[in-house]
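Structural overview for review
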Amino acid sequence: MSPFNLETCARPNILALEPYRCARDDYKDDGTNVLLDANENAYGPSLPSAVASGSSSSGPEIDLLGLHRYPDPHQHELKQLLCNLRNTHHHTPKAITPANLFVGVGSDEAIDALLRCFCVPGTDRILTCPPTYGMYGVSAQVNDVAIHKVPLLPAPTFALDVDAILAALSTEKHIKLVYLCSPGNPTGSLLAKDDVRRVLEHPTWNGIVVLDEAYIDFSPDGASLAEWVAEWPNLVVMQTLSKAFGLAGIRLGAAFAAPPVARLLNSLKAPYNISSPTSALASYAVSEQGLATMRGNLKRIVTQRDRLIRELPQVPGIGRLMGGTESNFLLYEILNADGKPDNVTALKVYETLAEDKGVVVRFRGKEHGCLGCLRITVGTEDEVTRFLEALRRTLGEVNGQSGSIAAPADEEKKEVEASNVVA
């Protein structure tokens, strides 16, 4: 009999690993649920239906037939389109080029690549600012890299505690990467540019600031700091096509960096890491035609986001908006019968919405500073209507109240409908 023993054969840090819990781990898409839990774009991909089927007669050509050939390993044309999108000159007169780009299988590949590139397993550490995206911690543990946590300042701002971060970088040994999320997940708050600058300007720390901008297109124009990598050799800005572009299914992420850093990331990646269909679809999405579709969908999402901000405070049992409004989701407190934020109540509301009403949001009450909170992805107009009605009924059941969500006044309803028209 083989002496194989998994417990002694596998790496201890992997045996102890708690994998990232995806939104679909709890509730599946059965075709009837309203899924407002994973911050997906409910309006779909930035691709006309003809393009998705490969029959477009305008815009970049999409060849889905040459799959017997390995894909382009360098993705120069796609990288140039991404640079065109982010060369806004809001932050620097300099321009970024394909030499500033790494593209990967979602932002998660960049998160992992940076750890493998800069952190010595068992020695180096990263700094994170909870509440934040869970994959930073999962990837760190996979790579046997410890985490030093500096929590964000309390809600509702969830701003960086810059003084504490600077102190940690001055006193804590072996911190190589600082992962910052802007807009934050689950906070929805855009980090202040000057706060990021202060970390970049640390006088003695030799490390990389990683700015995760997965939701940046839901923020005001010019908010992205991607082009700032032309000014800062120690800055990496990660982005994705999963959110505003509605292309979560193709798994395409990008990391903007100074050319020497981008060169290292490209050197260690797996060969042909971006498939030909992914490259073709991504290139269309960031072309002028694709951007027009994305911006039209973005306008509709913002309209529904504003509607939620306006109507949720009218629902009995809803507490404060926690964090910001610069993303395609909102973080709200759920109150118990005594009017206090409460995890037991929030978890019950979350489960009842999903299991009884077919509306799935995300429970975030266990995250730092998010007591009693649900994260709500902004859906379509119909999805938001269904969510509000289900939430009112559910809170009434859980807290012993009653009633249903009131329809907007006629004039307000007309205004909402008018703002949904895409130019």
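Within an unreviewed UniProt entry, the label attached to the chain reads histidinol-phosphate transaminase, and the organism entered is Microdochium bolleyi. Quoted verbatim from the Catalytic activity (unreviewed entry) field of UniProt, the annotation for the chain is "L-histidinol phosphate + 2-oxoglutarate = 3-(imidazol-4-yl)-2-oxopropyl phosphate + L-glutamate". In UniProt, the chain has this text filed under Pathway (unreviewed entry): "Amino-acid biosynthesis; L-histidine biosynthesis; L-histidine from 5-phospho-alpha-D-ribose 1-diphosphate: step 7/9."

Thoughts on the overall build of the chain
Counting its secondary structure elements, the chain contains 14 helices and 13 strands. A burial count over the chain gives 53% of its 423 residues as buried. If you take every contact in the chain between residues at least 6 apart in sequence, the share linking residues at least 24 apart comes to 73%. By element, 53% of the accessible surface of the chain is carried by carbon and sulfur atoms, the whole surface being about 18900 Å².

Description of the sheet that holds strand 8 (residues 253-257)
Taken in spatial order, the seven strands make up an open sheet running 2-8-7-6-5-3-4, and their pairing is mixed. Looking at strand neighbours, the two that pair on one side only are strand 2 (101-104) and strand 4 (146-149), the edges of this open sheet. Within this sheet the neighbouring strands show an average axis-to-axis angle of 25 degrees, counted without direction. Of the strand pairs in this sheet, strand 6 (residues 208-212) and strand 7 (residues 235-240) are connected by four bridges, and their pairing is parallel.

Description of the packing of helix 11 (residues 288-311) against helix 13 (residues 381-399)
Where helix 11 contacts helix 13, the axes come no closer than 10 Å and their chain directions differ by 20 degrees. One finds that helix 11 runs roughly parallel with respect to helix 13. Crossing hand, helix 11 versus helix 13: right-handed. Only Glu381, Val384, Thr385, Phe387 and Leu388 of helix 13 make contact with helix 11, whose side of the interface consists of Gln304, Arg307, Leu308 and Glu311. Its residues assigned to classes, the contact of helix 11 with helix 13 shows four nonpolar, two polar and three charged.

Focus: the sheet that holds strand 13 (residues 373-377)
Within a sheet, each strand pairs with its neighbour through backbone hydrogen bonds, oriented either parallel or antiparallel. On the basis of which strands lie adjacent, the open sheet formed by four strands has the order 9-10-13-12 and antiparallel pairing. On the outer flanks of this sheet lie strand 9 (318-322) and strand 12 (362-363), each paired with one strand and no other. Of the strand pairs in this sheet, strand 12 and strand 13 are connected by two bridges, and their pairing is antiparallel. Along strand 13, the bridge assignment pairs Arg362 with Arg375.

As for the nonpolar core
Ranked by size, the top nonpolar core spans 89 residues in total, and within it Leu127, Leu235, Phe245, Phe256, Leu312 and Phe387 carry the most contacts. With six residues, the single largest contributor to this core is helix 13. Each of two domains, domain 1 (10-39 + 292-401) and domain 2 (70-286), supplies a minimum of three residues to this core. Setting aside its immediate chain neighbours within four residues, Phe387 contacts Leu36, Leu308, Leu312, Leu353, Val359, Val361 and Ile376. Listed in part, the 27 residues of the second largest apolar core include Val145, Leu177, Val210 and Leu265.

Some words on the environment of Pro45
Counting through the fold element by element, Pro45 comes out in the loop between strand 1 (34-35) and helix 3 (49-52). Look at Pro45 and you get partly exposed, because its relative accessible area is 36%. On a C-alpha basis, the gap between Pro45 and Ala244 in space is 8.6 Å, while along the polypeptide they are 199 residues apart. Excluding anything up to four places from it in sequence, Pro45 contacts Phe245, Gly246, Leu247, Thr293 and Asn297.

Focus: the pattern of salt bridges
The tally for this structure, following the rule as stated, stands at twelve salt bridges. Residue Asp163 pairs with Arg198 through a salt bridge whose shortest N-O separation is 2.8 Å. Of this pair, Asp163 sits in helix 7 (residues 162-171) while Arg198 sits in helix 8 (residues 193-200), placing them 35 residues apart in sequence. Residue Asp163 is classed as exposed on the basis of its relative accessible area, which comes to 53%. Judged by relative accessible area, which is 36%, Arg198 ranks as partly exposed. For Arg320, the salt bridge goes to Glu333, with nearest N and O atoms at 2.9 Å. One end of the pair, Arg320, is in strand 9; the other, Glu333, is in strand 10 (residues 329-334), and 13 residues separate them in sequence. Overall, Glu333 belongs to the buried group, its relative accessible area being 5%.

Topic: the packing of aromatic side chains
This structure, assessed with the given rule, holds six aromatic pairs. Relative to Tyr272, the ring of Tyr70 lies with its centre 4.5 Å away and its plane at 15 degrees, an arrangement referred to as stacked. Linking Tyr70 in the loop between helix 3 and helix 4 (76-86) with Tyr272 in the loop between helix 9 (259-268) and helix 10 (276-285), this pair joins segments that are 202 residues apart in sequence. What makes Tyr70 exposed here is its relative accessible area of 67%. A ring pair is formed by Tyr136 and Tyr179, whose centres lie 4.9 Å apart and whose planes are at 15 degrees; its orientation type is stacked.

With respect to the side chain of Ser219
Tracing the chain through its elements places Ser219 in the loop between strand 6 and strand 7. One polar contact links the side chain of Ser219 to the main-chain carbonyl oxygen of Glu326, over a distance of 3.0 Å.

Some words on helix 4
All of the buried residues along helix 4 are Leu78, Lys79, Leu82, Cys83, Leu85 and Arg86. An end-on view of helix 4 places all buried positions within 160 degrees of arc, on one side of the element. Check the buried side of helix 4 and you find it contacts strand 2, strand 7, strand 8, helix 9, helix 10 and helix 11.

Focus: the environment of His91
The residue His91 is located in the loop between helix 4 and strand 2 in this model. The residues contacting His91, other than those within four sequence positions of it, are Lys193, Gly222, Ala223, Ser224, Leu225, Glu227 and Trp228.

Calculation rules
Residues numbered from 1 in each chain as written. Predicted model: local features only at pLDDT ≥ 70, side-chain atom pairs only at ≥ 80, totals over all residues. Heavy atoms only, no water. UniProt positions renumbered as here; feature names shortened; annotations may be inferred. Helix = DSSP H or I, 4+ residues; strand = E, 2+ residues; numbered from the N terminus. Buried < 20%, exposed > 50% of the residue type's maximum accessible area, 1.4 Å probe, protein only. Contact = heavy atoms within 4.5 Å. Areas by Shrake-Rupley, 256 points an atom, 1.4 Å probe, with all protein chains shown as cover. Pairing = 2+ DSSP bridges. Axes fitted to C-alpha atoms, helices over the stretch in contact; angles between N-to-C directions. Parallel < 35°, antiparallel > 145°, perpendicular 65-115°, else oblique. Left-handed = near helix turned anticlockwise from the far one by under 90°. Nonpolar A, V, L, I, M, F, W, Y, C, P; charged D, E, K, R; others polar. Core = buried A, V, L, I, M, F, W, Y, C linked by side-chain atoms within 4.5 Å. Domains from an automatic or database assignment. Salt bridge = Lys/Arg side-chain N within 4 Å of Asp/Glu carboxyl O. Phe/Tyr/Trp six-rings, centres within 6.5 Å; stacked < 30°, edge-to-face > 60°. Polar contact = N/O pair within 3.5 Å; in protein donor to acceptor, adjacent residues only side chain to side chain. Arc of directions from axis to C-beta.

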